[in-house]
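Fold and geometry: a report
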Amino acid sequence: MTQRTIKHGDWVKIVESRTEQKKQSLRKSSRKNAPKNNKMNVPFISMLLGGFIILASAWMYFSGGTKAQGAMLDVTAQNKISRYFSKQFMMGSWQFKRAKFDDGEVNIFISIPQKLSMNEKELEGYIKHSLCPPASSRVWLDINKSELYINLYVDSPRKGNFAQCQNPNSHA
């Protein structure tokens, strides 16, 4: 009974060839399970990306064009407007809280201690005739053609009432 022995070098070659065969069979099976046409993925992704770019640019174009005047006030004009309204509400329990300057809009926020006993229409008329600056006021030079809104609120600006002031510059 003779037993055949394998030298170490021969054994390594056999093991390496078996692992190589396994790798090749795995590659073949993964190719079979992979999508048949990789060329179809590239145009699809390109079309998807192109559509996204078109939608984003359209959104930017149309959202930018919805504002009335579109010109942002410079910092000196913003400071003058804020100073004007802060002086108007220095004394008493009504307080000027802040001015918000958006594209083509100036929003003035005034905190009041308690809700006024007026309905919405009366309150809007009161704001327009009593709180809005007169047409002869120099503050309109700084406001220029922007829309001016005055907001009165007790707890939160979201729960308050507002009115748009009549801008004398918009008719000229």
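For the structure given in this document, a descriptive report is provided here. Only a predicted model underlies this, so the values are computations on that prediction, with no experimental measurement involved.

How each quantity is defined
- Residues numbered from 1 in each chain as written.
- Predicted model: local features only at pLDDT ≥ 70, side-chain atom pairs only at ≥ 80, totals over all residues.
- Heavy atoms only, no water.
- Helix = DSSP H or I, 4+ residues; strand = E, 2+ residues; numbered from the N terminus.
- Contact = heavy atoms within 4.5 Å.
- Salt bridge = Lys/Arg side-chain N within 4 Å of Asp/Glu carboxyl O.
- Buried < 20%, exposed > 50% of the residue type's maximum accessible area, 1.4 Å probe, protein only.
- Pairing = 2+ DSSP bridges.
- Axes fitted to C-alpha atoms, helices over the stretch in contact; angles between N-to-C directions.
- Phe/Tyr/Trp six-rings, centres within 6.5 Å; stacked < 30°, edge-to-face > 60°.

Turning our attention to the environment of isoleucine 110. By the secondary structure assignment, isoleucine 110 is in strand S2 (residues 105-111). Sequence-distant contacts of isoleucine 110, that is, excluding residues within four places in its chain, are made with Phe89, Trp94, Gln95, Ile150, Asn151, Leu152 and Tyr153.

So, on to the pattern of salt bridges. Inspection of every chain in the model, using the stated rule, returns three salt bridges. Here aspartate 142 and lysine 80 are joined by a salt bridge, their closest N and O atoms 4.0 Å apart. Taken together, the positions of aspartate 142 in helix H5 (residues 139-143) and lysine 80 in helix H3 (residues 75-88) put the pair 62 residues apart, joining distant regions of the chain. On the basis of relative accessible area, aspartate 142 is assigned to the buried category, the value being 19%. One salt bridge in this structure joins aspartate 102 and lysine 100, with 3.9 Å as the shortest N-O distance. Its relative accessible area of 35% is what places lysine 100 among the partly exposed residues.

A few words now on the sheet that holds strand S1 (residues 95-102). Read from one edge of the open sheet, four strands run S1-S2-S3-S4, paired in mixed fashion. Of all strands in the sheet, those with a lone pairing partner are S1 and strand S4 (161-164), marking the two edges. Each neighbouring strand pair of the sheet contributes to a mean axis angle of 20°, computed without reference to strand direction. Pairing analysis gives seven bridges linking S2 to strand S3 (residues 147-153), with the strands arranged parallel. Across the sheet, residue valine 106 finds its bridge partner in S3, namely leucine 148. Helix H4 (residues 120-131) contacts S3 and S4 of the sheet and is inclined by roughly 55° relative to S4.

Looking at where glutamine 78 falls in the secondary structure, it is placed in helix H3. Here glutamine 78 falls in the buried class, since its relative accessible area comes to 17%. Those residues within four positions of glutamine 78 in sequence are excluded, and the remaining contacts are Met72, Leu73 and Phe101.

Let's shift gears to the packing of aromatic side chains. If you walk through the whole model with that rule in mind, you get four aromatic pairs. Summarising the aromatic geometry, the rings of tryptophan 94 and tyrosine 126 are spaced 6.4 Å apart at their centres and angled 75° between planes, so their arrangement reads as edge-to-face. Remark: tyrosine 126 occurs in helix H4 and tryptophan 94 occurs in the loop between H3 and S1; sequence separation between them is 32 residues. Between tyrosine 149 and phenylalanine 162, the ring centres sit 6.0 Å apart and the planes meet at 65°, which makes this aromatic pair edge-to-face. Here phenylalanine 162 lies in strand S4 and tyrosine 149 lies in strand S3, a separation of 13 residues in the sequence. According to the relative accessible area criterion, tyrosine 149 is buried, its value standing at 14%. One aromatic cluster is present, built from ring pairs that chain together Phe89, Trp94 and Tyr126.

Don't take any of this as a statement about function, it's just geometry.
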